[in-house]
Structures are given as C-alpha cells and as structure tokens.
Amino acid sequence: MQNNVLILDFGSQYTQLIARRVRELNVYCEIHPFNKIPKNLNYFKALILSGSPYSVREPNSPRVNLNVLLDKFPTLAVCYGAQLIAQEMGGLVSASNIREYGRANLFLKEKNSVLFDGISNNTQVWMSHSDTIKKLPDNSSLLASSDDVENVAYRFLQNVYCLQFHPEVYHTVEGKKILENFLTKISSLKQTWTPDSFIDSTITELREKIGSDKVILGLSGGVDSSVAAILLHNAIGKNLHCIFVNNGLLRKNEFNEVLDQYKEMDLNISGVDYSEEFYNELKGVSDPEKKRKIIGRVFIEAFEKESNKIKNVNWLGQGTIYPDVIESISATGGPSATIKSHHNVGGLPDFMKLEVVEPLKLLFKDEVRRVGKSLNIDKKILGRHPFPGPGLAIRILGEVNKENVQMLQEVDHIFIQGLKEADLYDKIWQAGAMLLPVKSVGVMGDERTYEKCVALRAVESTDGMTADWVDLPHKFLQDISNKIINRVKGVNRVVYDISSKPPATIEWE
C-alpha cells in the first residue's frame, strides 16, 4: 500500500484546488476522472470525492461504485461527493429551499471527532450547492451543522467523512487543518512528499527509463522547461540535447538573452531560428484555436528537423505540467470540457519516431518553482512570469505578422520593464500586453491619428487556474500609457484589463 491519495473528479472547478491543498501538506495525490478509475487501487491509501456542477438527483449525473471504494479506503467526500453517498446509501437529497452559497458558520455536534480535532466551534466555512441532504443514511452520525443547514458534515460507517462545504477554498478558514486531520489522523498518511524527495525519485526513474538513450528537449526560457531540463541533465548528462526555437513570437531580445542564460547552466543547447516558417504558416489566420494548432505543428516539425541532425535520439522531453494535462482532457475523456488546447499535450505525430518524457507532468506551477529552488536554478528564471507556449501569437487578436509582433514586443517591453523598475514584477503572477484589432481616433500634436489600441493585463494567482486582476497604482499606469503612446509607432490608445478568471481567461485567446 502506497502513501498516496486518489482524488476522483466529478467535474468541480475546485478539484485541482483540493489536490494543491493536499500536496501543500506534503502528501502526494493524483486526480482521475470518475469514469476512469485507476486499475491498480493498491497504489493509493485514501480517497477524496470532489464536488460537481451536477445534481445527484439528475438521472445522468456522475456515478461510481461506492460499495467497492468505501470498503477499501478512508474517504473524504466533498459537496457532491457527500450528497452522492447520502443518496446511494439510503439517505435523502433534495433541492434546497434556501440558497446555500457563500460563507457559513460551523457548529460542531459530536465531541472528540477526529476530523474536527483542533477546529474552533463556529468556524467559518464556504458553501456552494443547490441541493441539500435532508436525511442521513443509516450507520451515520451528525458531525456539524450551520444556521441554515442541518447536515453540513457527517460520518458514514467508520472511516467515511462527508462535508457539504468546501475545505479546500480560502474562505473555509480552518480548511487546511480539516484536510490534515483526514490525511494524517484518519488515513495515517505520512507527510513525506517534498521537493527533495520528488527530485531524488524522479532522477532515479528517468535514469531507469531512458538508460543511455539520447533526449531532445525544447527550451522556452520559462520555469517549466528549465526545471525539466535540469532534472533530465542531472539524470543523463550530455545525452540531453536542448533546442531553443525562436518562433518569432517571443518577447523583445528574449531569444539571445535566454540562450546566454542556459549556456551558463552548462546545458548542451543549440539555438535555431524558425521565425519565417512560423510567420508564413500563420499568414491570414485569425482564429485563436487554429493559431495554436499551427504553432504546435510547426513546433513539432522544427523538432523533427533538428532531431535528424543528432544521431540515435529516442526521446522528446517536454515541460508539460499537471494543469496542462487536466485542462486538455476532453468532455468524452472526463467530466471537464476542453477550454483551450495546449501545444505540448497530446503526443506526437506518427512520422516522428520519438517517445515522450515529461518529468513535471504531475506537478502544479508552484511545485515546479519549489523543485527549481531545490535544484539551485537561477532566481531570474524561477521568477519569470508564465508565458504562453504560442507566445505573442495569442496576444495579437487577429492576423499575426512581423509588423504586429514587433509593435507588441515594444509595448510589452515597456510594460514589463516598468513593472520591474517599480518593484511590482515579483508581486504579480503574470503580466503582458494584447494588441487589439481595433483602431480609434486620437490626436498627437495638432494632427489627427487613427491607430491601434493595446490592452495591458496583470493578474495575481497561485496556479493560473483562477486569477484576480491586480490593482496597479494609477500613477504607474499613467506613466506606462504615456511611454507606450509616445514611443511605439502605431499605438494611440492604452486600456487596462480588470477581468478576473473566471469568467475571463488570463490570455485573451
């Protein structure tokens, strides 16, 4: 029996947050769709059932074989999961007469409950459901209520704990402690999953998997590919061949600057310029999903061409991380709909006879940075804002061409350098500029202008799955706007994006 947690996803927007909270407690977990339960359940020692946008009262709502799972694992069921257990095990779930959404206070009903050990009576929790549990199943005991909801938390049988609130969200004040009680006191899991333990086990696995084979890895200058490169380098040394492709869609001067940084890290690296190939393929294309597909295809073609220059290459390394994998699951493969495709997820074309190795594919972004810190990677690389794989192509709304790219590079450079000079860069998760397909009238000197508009975007987040816009100082925005309009020919209007994710995404395309 392993020291791992299985999280079954019923489609909740909070499922990834559950996983992140568990890992913050130094316990390893994996998310699997409810309809793709792993065959080897002995790999796991505890089970968490997620929430869901569905109602358990709907005939086609997600279902699993609870009899098998609940007999095998200590279980924590959250929201939909708690209602599913109640419904399937003889309780009663019905539509709520009141809106059970937002903050509530928890009143503990059972003394000496292990799950609520050390939790304050009247502690604040977060509700988010339209159904409610009216009657508990037999063999259950009530653990907690709120002013409006009687059956907020209950225990079923011996080791199944069910919550109608979300312990994983920030607004549940003592949620982390509740999760820790479940993991350590109920499930007897050890808190041993750390960056150092991940590095040791990953390097060992890479050596066993790759052996003396050669690997090519595409470097982007970002955190993910850099950490993946150092892990592979520590495992196989000079058998790792890194390729940094200039797709013509990078930030200003980024190709040369990043290439120099990598050479200082003793990586076996070559820089290749495919700018014209990307521009030619993107000519006349405005649809964002088509842009992504084209960039992904040309990217792979570049690797295929470069890999032919290196003899006996068997593997392609990628910096894929967990949110990329989960967000790319299709509606038929799991409960979550595809939001956008990711250029580094989904395998390789048949003509490219390389196997894929993805050392970070089960890590969240903040975990990647912690691993990078343990690997002593330069702070400048680890502190870099996330940058989309398709680059500036998806920050140019409309057709991508060299003129538009150069214009946006200048705008972006002024914005990013301004953030660094104002000591704001490290306080922001991600920032950038968008070139809009909009022209507006302006006045410069005594002349009328009819030029383009750019939108600035800065967000704060933990893993990019949710994000809030950053309230940048008005004086800073004023100065940056003036610099952009005065220095970048073709731009006469600057706006600031104050949308959060959801409902908006961080990128505009």
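Computed from a predicted structure; not experimentally measured.

Before going further, it helps to spend a moment on empty space enclosed by the protein. Under the criterion given, the structure shown has two cavities of 30 Å³ or more. Put simply, the second largest cavity is a space of about 40 Å³. At four residues, strand β15 (residues 430–444) tops the list of elements feeding residues into the lining of the second largest cavity. Of the residues belonging to the lining of the second largest cavity, the class tally is three nonpolar, two polar and three charged.

Moving on, we get to the environment of E254. Positionally, E254 belongs in helix α7 (residues 254–264). The spacing of E254 and Q417 is 163 residues in sequence and 13 Å in space, taken between C-alpha atoms. For E254, the residues in contact, after removing those within four places along its chain, are F244, R384 and F387.

To continue, consider a negative patch on the surface. Side chains of E257, D260, E264 and D378 sit close together on the surface and give a patch of like negative charge. A relative accessible area of 49% places E257 in the partly exposed class.

With that out of the way, let us pick up helix α11 (residues 365–374). Burial in α11 covers these residues: K365, D366, E367, V368, V371 and G372. Taken together, the buried residues of α11 touch α1 (15–24), α5 (195–210), α6 (223–236) and α12 (379–382). Positive phi shows up at N376, right after α11, with a value of about 65°.

Turning to the pattern of salt bridges, a few remarks are in order. Using the criterion set out here, one finds 22 salt bridges in the structure. Notably, a salt bridge pairs D117 with K185, separated by 2.5 Å at the nearest N-O pair. With D117 in the loop between β5 (92–108) and β6 (123–135) and K185 in helix α4 (residues 175–186), this pair connects stretches of sequence that are 68 residues apart. Among the salt bridges present, the one from K309 reaches E306, with a minimum N-O distance of 3.2 Å. Residue K309 is classed as exposed on the basis of its relative accessible area, which comes to 59%. Taking the relative accessible area as the measure of exposure, E306 reaches 8% and is therefore buried. One salt-bridge network, held together by shared partners, links R20, R21, E24, D366 and R370.

Attention shifts here to the confidence of the model for the protein chain. In the predicted model, the protein chain carries a mean pLDDT of 88, and 93% of its residues have values of at least 70. Mean pLDDT in the protein chain bottoms out at helix α10 (residues 322–327), which sits at 72, and peaks at α4, which reaches 97. This model gives residues 330–347 a pLDDT under 50, and the stretch forms 50 contacts once residues within four places in sequence are excluded.

A separate point is the packing of aromatic side chains. Scanning the entire structure with this criterion turns up nine aromatic pairs. With a centroid separation of 5.0 Å and an interplanar angle of 85°, the aromatic rings of Y43 and F44 are classed as edge-to-face. What makes Y43 partly exposed here is its relative accessible area of 30%. Aromatic pair F244 and Y262: ring centres 6.3 Å apart, planes at 85°, arrangement edge-to-face. With F244 in strand β11 (residues 240–246) and Y262 in helix α7, this residue pair connects regions lying 18 residues apart in the sequence. The same class applies to F244 and to Y262, which are both buried. Three or more aromatic residues joined by ring pairs form one cluster here, namely F10, F34 and Y80. We note K420 situated over the ring of Y425; from NZ or CZ to the ring centre the distance is 5.0 Å.

Now for the sheet that holds β11. Here we have five strands laid out as an open sheet, ordered β12-β11-β10-β13-β14, and parallel in their pairing. On the outer flanks of this sheet lie β12 (269–273) and β14 (355–357), each paired with one strand and no other. Between one strand and the next, the sheet's axes are offset by a mean angle of 30°, whatever the strand orientation. As defined by bridge partners, β11 adjoins β12 across five bridges and the pair is classed as parallel. Counterpart to V245 in the pairing with β12 is V272.

To continue, consider the packing of α5 against α6. One way to put it is that α5 packs onto α6 with a least axis distance of 9 Å and a crossing angle of 60°. In terms of orientation, α5 lies oblique with respect to α6. In this structure, the crossing between α5 and α6 has a hand that is right-handed. For the pair α5 and α6, the contacting residues are F198, I199, T202, I203, L206, R207 and I210 in the first and L231, L232, N234, A235 and I236 in the second. Classifying every residue of the contact of α5 with α6 gives nine nonpolar, two polar and one charged.

Quick notes on the rules
Residues numbered from 1 in each chain as written. Predicted model: local features only at pLDDT ≥ 70, side-chain atom pairs only at ≥ 80, totals over all residues. Heavy atoms only, no water. 1 Å grid on protein atoms, 1.4 Å probe; cavity = no way out; pocket = protein on both sides within 12 Å on 5 of 7 lines; lining within 4 Å. Points joined across faces, edges and corners; volume = space filled by probe spheres on them. Helix = DSSP H or I, 4+ residues; strand = E, 2+ residues; numbered from the N terminus. Nonpolar A, V, L, I, M, F, W, Y, C, P; charged D, E, K, R; others polar. Contact = heavy atoms within 4.5 Å. Patch = residues over 30% accessible without salt bridge, like charges linked within 9 Å, V, L, I, M, F, W, Y side chains within 5 Å. Areas by Shrake-Rupley, 256 points an atom, 1.4 Å probe, with all protein chains shown as cover. Salt bridge = Lys/Arg side-chain N within 4 Å of Asp/Glu carboxyl O. Lys, Arg positive; Asp, Glu negative; His and termini not counted. Charge placed at Lys NZ, Arg CZ, Asp CG, Glu CD. Buried < 20%, exposed > 50% of the residue type's maximum accessible area, 1.4 Å probe, protein only. pLDDT = per-residue confidence, 0-100. Phe/Tyr/Trp six-rings, centres within 6.5 Å; stacked < 30°, edge-to-face > 60°. Lys NZ or Arg CZ within 6 Å of the ring centre and 35° of its normal. Pairing = 2+ DSSP bridges. Axes fitted to C-alpha atoms, helices over the stretch in contact; angles between N-to-C directions. Parallel < 35°, antiparallel > 145°, perpendicular 65-115°, else oblique. Left-handed = near helix turned anticlockwise from the far one by under 90°.

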